Amino acid sequence: MRELGIGLRRVLRGRVLVQGDEEFEAISRPWDAAVDQRVVAVVEAADAADVSALVRYARQAGLAVATQPNGHAPSAGFEGTILLRTRLMNSVEVRPGERIARVGPAATWGDVLAEAGKHELVALAGSTAVVSATAFTLGGGVSWFGRKYGFAANSVRSFDVVDADGAQLTVTRESDPELFWALRGGGGDFAIVTAMEFDLHPGNGLYGGRILWPATRAAAVMAAFREVTAQAPDGLSVWFTLLQFPPFPELPEPLRGLSAVAIDVASLDGEGHDLLRAFEAIPGVIFDTRGPLAAADLGAIAAEPTDPTDAFVHSELLTDLDDAAAAALLMSAGPGTVAPLVSVQVRHLGGALSVVREDAGAAGHIAEPYMLSMVGVLFTPEMEGPVRARQEVIASALAFRTSGRKPFTFLSHDETAAHAFPASTLARLRDIKRRRDPAGVFRSNHPVLG
Ligand SMILES: Cc1cc2nc3c(=O)[nH]c(=O)nc-3n(C[C@H](O)[C@H](O)[C@H](O)COP(=O)(O)OP(=O)(O)OC[C@H]3O[C@@H](n4cnc5c(N)ncnc54)[C@H](O)[C@@H]3O)c2cc1C
């Protein structure tokens, strides 16, 4: 390992850590520490030239590079790779006149939204603000505003990349349609992105928040959720979540150990507000945080953890949320039975996400109108078995309404790219991977050849 460290330090200006270095263990650990990734070195690149030097070095040494800004979506397949951390490349530039943002690969959605919000613009961020905008977008990216504007990947104008030869290129629809297509949803298997330019969208009248009830209201809230989502305009996103708060003393008293049901809402320009009265009619509200939002607060709606967490997520796309599916969900995860999971969520999709577009990237479209996402946090390592078993029970109860496909950004640790793409898309991605990266220098968290 010492030689690897010496060799990398000779060609790079950024930081290099190898096994045996004091901070190596801490810096190689992903945000989701449930995964043990046994990398041989960690590089914090200073800039695109450093990334290029790293790729050339790795290729010559017969090693692969795994880019991981944070590790919310890690994988156990990184053994023997060099882990590239992008922390030092976190620039955000917003050009309000053009409604375009240009970001470095470490810039988070929180960073982007804070800048965009100053100009009444929004970006297509998802439920958490602490992930890299680039990582999210390379996987397609299902945003709060996906119903209005489609996958985040389809708002991209250009990527600056380092390719498998170490060359620095700008990739656009015109310059390289094939790579531009693969990067918009196929993940991190084809190049290392060193900057990304994408469209921002008008963010006036941004509104959102959460309504929380005790879980005993789950049936009424589900009925209203189905009624509202059946009519929702594309600018309104509504999610239904069954929650089990842990009994931890740091939680405020009403939430400690509480079984609850929540509705999370985000909308633009007042779209669909009148529909939300269906929820206001349900008694027993514990709190209602809805109101006008600053773009920077978008990531707070669903109150997801922002500190590193050991978690197992299992997601399924639902072909329908009809009477039978709603009953199956409430039977299998009804009041007080969510544990040992912390949440069982149904997101309303549809709208622009379901539209087949000629100019779409590899993310394509999502025909299924809802997504089920079940999260288990491993407060102790022994919880892994029970968490997975609980997720299986709920997924099995809904198997008659699941398609088997999942959005790329919702693949769990042990699922593969084959779960995310139709066969023809996967075949095209594999062909591009074989031709563009024949030596396999890039190692994605969900490799298309895996
Ligand atoms: C709490 C939580 C909420 C979430 N909500 C949503 C949501 O609403 N919608 C949604 O779509 N997803 C959501 N996700 C999933 C999330 O978007 C993905 O897991 C995302 O990839 C994580 O970002 P990260 O910065 O941790 O990426 P990492 O896990 O660090 O990287 C993921 C992969 O991206 C690739 N990659 C990253 N940067 C580069 C680069 N510069 N060049 C080439 N490849 C690169 C690599 O292959 C890497 O393995 C959520 C995840 C969590 C934990």
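Everything quoted here is computed from the prediction, not taken from an experiment.

Visitor: Would you explain the overall build of the chain in this entry?
Guide: Of regular secondary structure, the chain possesses 12 helices and 19 strands. Relative to a compact globule of 450 residues, whose C-alpha radius of gyration would be 22 Å, the chain shows 22 Å and is just as compact. Projected onto its principal axes, the C-alpha positions of the chain cover 65 × 50 × 40 Å. In the chain, which comprises 450 residues, the proportion classed as buried is 56%. Put simply, of all contacts in the chain between residues at least 6 apart along the chain, 74% involve residues at least 24 apart. A total of about 17400 Å² of accessible surface is found on the chain, and carbon and sulfur atoms cover 52% of it.

Visitor: Just checking my understanding: could you explain the layout of surface pockets for this structure?
Guide: Using a probe with the size of a water molecule, rolled over the atoms, empty space left in the structure can be pinpointed. Volume-wise, the second largest pocket comes out at about 320 Å³. Looking at the second largest pocket, it is lined by 16 residues, and the ones nearest its centre are W181, A360, G361, G364 and T425. No other element matches helix 12 (residues 423-436), which puts 3 residues into the lining of the second largest pocket.

Visitor: I would appreciate a short explanation of the pattern of salt bridges in the present structure.
Guide: Side-chain pairs of opposite charge can arise whenever the charged atoms involved come near each other. For the structure on display, the rule yields 32 salt bridges. For R157, the salt bridge goes to D199, with nearest N and O atoms at 2.8 Å. Of this pair, R157 sits in strand 8 (residues 156-162) while D199 sits in strand 10 (residues 192-199); the two residues are 42 residues apart in sequence, bridging distant segments of the chain. Judged by relative accessible area, R157 falls into the partly exposed class, the value being 43%. Overlapping salt bridges bring together E93, R95, E98, R102, D160 and E197 as one network.

Visitor: I would appreciate a short explanation of the pairing of strand 9 (residues 168-172) in the present structure.
Guide: Working note: regular strand, side chains alternate between the two faces of the sheet. Judged from the 5 bridges that link them, strand 8 and strand 9 form a sheet pairing that is antiparallel. In the strand pairing of strand 9, V161 is matched with L169. If you look at the hairpin formed by strand 8 and strand 9, you'll find 5 residues sitting between the two strands, and G166 has a positive phi there, around 85°.

Visitor: For this particular structure, what's the right way to read the packing of aromatic side chains?
Guide: Aromatic ring pairs: the centre-centre distance and the angle between the two ring planes describe each pair. One pass over the full model with this rule turns up 8 aromatic pairs. Pairing F225 with F240 gives two aromatic rings, centres 5.7 Å apart and planes at 35°, and the pair type is tilted. Taken together, the positions of F225 in helix 8 (residues 218-231) and F240 in strand 13 (residues 236-244) put the pair 15 residues apart, joining distant regions of the chain. Taking the relative accessible area as the measure of exposure, F225 reaches 0% and is therefore buried. By relative accessible area, F240 is classed as buried at 0%. Summarising the aromatic geometry, the rings of F408 and F421 are spaced 5.8 Å apart at their centres and angled 35° between planes, so their arrangement reads as tilted. Here F408 is found in the loop between helix 11 (384-397) and helix 12, whereas its partner F421 is found in the loop between helix 11 and helix 12, with 13 residues between them in sequence. Under the relative-accessibility criterion, F408 is labelled buried at 8%.

Visitor: Can you help me understand the domain arrangement of the chain in this one?
Guide: Note: interface size is frequently given as the accessible area lost on complex formation between the parts. Domain assignment breaks the chain into domain 1 (2-85), domain 2 (92-202) and domain 3 (207-410). The centre of domain 1, based on its C-alpha atoms, is set 23 Å off from the matching centre of domain 2. With 13 residues of domain 1 at the interface, the matching set in domain 2 holds 14 residues. Together domain 1 and domain 2 conceal approximately 1000 Å² of surface at their shared face, both sides included; 63% is due to carbon and sulfur atoms. Where domain 1 touches domain 2, the interface holds 1 salt bridge. Along the contact surface separating domain 1 from domain 2 lie 5 residue pairs in polar contact (both at pLDDT 80 or more). Examining the composition of the side of domain 1 that touches domain 2, we find that 7 residues originate from one element, helix 3 (residues 48-61), more than from any other. Counted by class, the side of domain 1 that touches domain 2 contains 7 nonpolar, 4 polar and 2 charged residues.

Visitor: Can you walk me through helix 1 (residues 2-11) in this structure?
Guide: Note that an α-helix has 3.6 residues per turn; residues three or four places apart therefore point the same way. Along helix 1, the positions that sit buried rather than exposed are L4, G5, G7 and L8. One side of helix 1 holds all its buried residues, which, seen down the axis, span an arc of 165°. Across from the buried face of helix 1, at angles greater than 90 degrees, the exposed residues are R2, E3 and R10. Of the surrounding secondary structure, the elements contacted by the buried residues of helix 1 are strand 1 (15-18), strand 2 (41-44), helix 3 and strand 4 (82-85).

Visitor: Help me out: how do you make sense of the packing of helix 10 (residues 323-333) against helix 11 in this one?
Guide: Between two packed helices, the angle of one axis relative to the other and the distance separating the axes together describe the packing. The geometry of helix 10 relative to helix 11 is characterised by a closest axis approach of 9 Å and an angle of 155° between their N-to-C directions. Of the possible angle classes, the one that applies to helix 10 and helix 11 is roughly antiparallel. Of the two elements, helix 10 crosses helix 11, and the hand of that crossing is right-handed. Note on element contacts: helix 11 touches helix 10 through R390, I394 and A397, opposite A328, L329, S332 and A333. A per-class count over the contact of helix 10 with helix 11 returns 5 nonpolar, 1 polar and 1 charged.

Visitor: Just to check I follow, could you spell out the site of the ligand for this structure?
Guide: Every one of the 29 residues lining the ligand counts as a neighbour, but N70, G71, H72, R347 and T409 are closest to it. In the environment of the ligand, an oxygen atom lies 2.9 Å from a nitrogen or oxygen atom belonging to the backbone of S127. Here an oxygen atom of the ligand and a backbone polar atom of S132 are 2.9 Å apart. Contact with the protein chains removes 93% of the 970 Å² of surface that the ligand exposes when unbound. Looking at the shell around the ligand, the elements that each hand over two or more residues are helix 5 (133-138) and strand 10. Classifying every residue of the shell around the ligand by side-chain character gives 12 nonpolar, 15 polar and 2 charged.

What counts, and at which threshold
- Residues numbered from 1 in each chain as written.
- Predicted model: local features only at pLDDT ≥ 70, side-chain atom pairs only at ≥ 80, totals over all residues.
- Heavy atoms only, no water.
- Helix = DSSP H or I, 4+ residues; strand = E, 2+ residues; numbered from the N terminus.
- Rg over C-alpha atoms; globule rule 2.2 N^0.38 Å.
- Buried < 20%, exposed > 50% of the residue type's maximum accessible area, 1.4 Å probe, protein only.
- Contact = heavy atoms within 4.5 Å.
- Areas by Shrake-Rupley, 256 points an atom, 1.4 Å probe, with all protein chains shown as cover.
- 1 Å grid on protein atoms, 1.4 Å probe; cavity = no way out; pocket = protein on both sides within 12 Å on 5 of 7 lines; lining within 4 Å.
- Points joined across faces, edges and corners; volume = space filled by probe spheres on them.
- Salt bridge = Lys/Arg side-chain N within 4 Å of Asp/Glu carboxyl O.
- Pairing = 2+ DSSP bridges.
- Phe/Tyr/Trp six-rings, centres within 6.5 Å; stacked < 30°, edge-to-face > 60°.
- Domains from an automatic or database assignment.
- Buried area = accessible area lost by both parts, 1.4 Å probe.
- Polar contact = N/O pair within 3.5 Å; in protein donor to acceptor, adjacent residues only side chain to side chain.
- Nonpolar A, V, L, I, M, F, W, Y, C, P; charged D, E, K, R; others polar.
- Arc of directions from axis to C-beta.
- Axes fitted to C-alpha atoms, helices over the stretch in contact; angles between N-to-C directions.
- Parallel < 35°, antiparallel > 145°, perpendicular 65-115°, else oblique.
- Left-handed = near helix turned anticlockwise from the far one by under 90°.
- Near = heavy atom within 4 Å.

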